[in-house]
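# Architecture at a glance
Letter by letter, the chains look like this.
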Amino acid sequence: MSKSDLFNKAPKASLVVFTDLINPDILSLLAAQQHLSLVAKRDNVNYLLAAISAAHPTARFRSPAMRQLLLQEQSPLSACEWRVLGFRLSGAAIRPSAPIS
């Protein structure tokens, strides 16, 4: 089910994102979504439970590591980073274009 399908069927749904992402630019894109709570995998699992408990369409939860990451200086994503992000969001597998030696 895609995000648009989910929100067409349940527009008031709140989601908890449990992630290993550390790029503050990408995290800020996620943080801008009112219905998302963000929990970093590096945080204690109890924060995941707190985020689930706090899930509400008008409330957001940020774990401590997520709050720290979101405070970091942001720089715009490059054109290549946007393409890779687009591929990832569409579900495409990303492989290196050149062999790594």
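The shown structure was predicted, so the numbers you read here are calculated from the model rather than taken from an experiment. (Residues numbered from 1 in each chain as written. Predicted model: local features only at pLDDT ≥ 70, side-chain atom pairs only at ≥ 80, totals over all residues. Heavy atoms only, no water.)

## Describing the nonpolar core
Selection rule: Here, nonpolar core refers to any group of buried Ala, Val, Leu, Ile, Met, Phe, Trp, Tyr and Cys residues whose side-chain atoms link them within 4.5 Å. We call a residue buried when its accessible area falls under 20% of the maximum for its residue type, exposed when it is over 50%, and partly exposed in between, using a 1.4 Å probe and counting protein chains only. Counting from the N terminus, the helices are the DSSP runs of H or I reaching at least four residues and the strands are the DSSP runs of E reaching at least two. Only heavy atoms enter the contact rule, under which two residues are in contact if any of them lie within 4.5 Å.
Ranked by size, the top nonpolar core spans seven residues in total: Leu27, Ala31, Leu38, Ala40, Ala65, Met66 and Leu69. Those elements that provide at least two residues to this core are helix 2 (24-31), strand 2 (36-40) and helix 4 (64-71). Counting residues per element, this core draws most heavily on helix 4, which supplies three residues. In contact with Leu38, not counting residues within four places along its chain, are Val17, Leu27, Leu30, Ala31, Phe61, Arg62, Ser63, Met66 and Leu70.

## Observations concerning the packing of helix 2 against helix 4
Heads up, the condition is: Here, axes are lines fitted to C-alpha atoms. For helices the fit covers the stretch in contact, and angles between N-to-C directions go from 0 to 180 degrees. Each angle gets one of four labels, with under 35 degrees taken as roughly parallel, over 145 as roughly antiparallel, 65 to 115 as roughly perpendicular, and the rest as oblique. Each crossing gets its handedness from the near helix: less than a right angle anticlockwise from the far helix is left-handed, clockwise is right-handed. We call Asp, Glu, Lys and Arg charged. Ala, Val, Leu, Ile, Met, Phe, Trp, Tyr, Cys and Pro are nonpolar, and the rest, Gly among them, are polar.
Contact geometry for helix 2 and helix 4: axes closest at 8 Å, N-to-C directions at 110 degrees. Considering the angle they form, helix 2 stands roughly perpendicular to helix 4. Our pair here, helix 2 against helix 4, has a crossing hand that is left-handed. Residues Pro24, Leu27, Ser28 and Ala31 of helix 2 pack against Met66, Leu69 and Leu70 of helix 4. Residue composition of the contact of helix 2 with helix 4, by class: six nonpolar, one polar and no charged.

## Details of the pairing of strand 1 (residues 15-19)
Rules: Two strands are counted as paired when DSSP detects at least two bridges linking them. By convention, orient the strands away from the viewer: a clockwise path from the first strand over the helix to the second makes the crossover right-handed.
Relative to strand 2, strand 1 runs parallel, the two being bridged by five bridges. Opposite Phe18, over in strand 2, you have Val39 as the bridge partner. Handedness of the β-α-β unit built from strand 1, helix 2 and strand 2 comes out right-handed.

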